[in-house]
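Structural overview for review
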Amino acid sequence: MAKTSPAQFVQQVRTEAKKVSWPSRKETTVSTIMVFVMVALASVFFFVVDQLLAWGVKLVFGVGG
């Protein structure tokens, strides 16, 4: 495989970056909001599951806080 000079590499990177279909500001905002919503839902879900498991352990073994 032939060696590429740093200048040629940078030029190739710039050429490829121009081909990328970048998301619009609206698409980025909507995606970010959806990530935060999903993180909040997952947090609530795992909190509820943790509380149920803690309650079950306390009920069965009589230990835990």
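Residues numbered from 1 in each chain as written. Predicted model: local features only at pLDDT ≥ 70, side-chain atom pairs only at ≥ 80, totals over all residues. Heavy atoms only, no water.

For the chain, an unreviewed UniProt entry supplies the name Protein translocase subunit SecE and the organism Thalassospira lohafexi. Taken directly from UniProt, the Function (unreviewed entry) text for the chain runs: "Essential subunit of the Sec protein translocation channel SecYEG. Clamps together the 2 halves of SecY. May contact the channel plug during translocation." What the UniProt record of the chain gives under Sequence similarities (unreviewed entry) is the line "Belongs to the SecE/SEC61-gamma family." (UniProt positions renumbered as here; feature names shortened; annotations may be inferred.)

Here the focus is the pattern of salt bridges. All chains considered together, the criterion is met by one salt bridge. A salt bridge links Glu16 to Lys19, with the shortest nitrogen-to-oxygen separation between them at 3.2 Å. Remark: Lys19 and Glu16 occur in helix H1 (residues 6–19); sequence separation between them is three residues, near one turn of the helix. For Glu16, a relative accessible area of 44% translates into the label partly exposed. The class for Lys19 is exposed, based on a relative accessible area of 59%. (Salt bridge = Lys/Arg side-chain N within 4 Å of Asp/Glu carboxyl O. Helix = DSSP H or I, 4+ residues; strand = E, 2+ residues; numbered from the N terminus. Buried < 20%, exposed > 50% of the residue type's maximum accessible area, 1.4 Å probe, protein only.)

When you line up the elements, Ile33 lands in helix H2 (residues 25–61). We classify Ile33 as partly exposed; its relative accessible area is 48%. Remark: the alpha-carbon pair of Ile33 and Pro6, spanning 27 residues in sequence, is separated by 39 Å.

This paragraph deals with the packing of aromatic side chains. Applying the stated rule across the entire model yields one aromatic pair. Considering the side-chain rings of Phe45 and Phe46, the 5.1 Å spacing of their centres and the 70° angle between planes classify their relative orientation as edge-to-face. For the pair Phe45 and Phe46, one class covers both residues: exposed. (Phe/Tyr/Trp six-rings, centres within 6.5 Å; stacked < 30°, edge-to-face > 60°.)

Turning to the UniProt feature "transmembrane region" (unreviewed entry) in the chain, a few remarks are in order. UniProt records the feature "transmembrane region" (unreviewed entry) for residues 28–49 in the present numbering. Between the C-alpha atoms that bound residues 28–49 there is a distance of 32 Å. The span itself is 100% helix and 0% strand.

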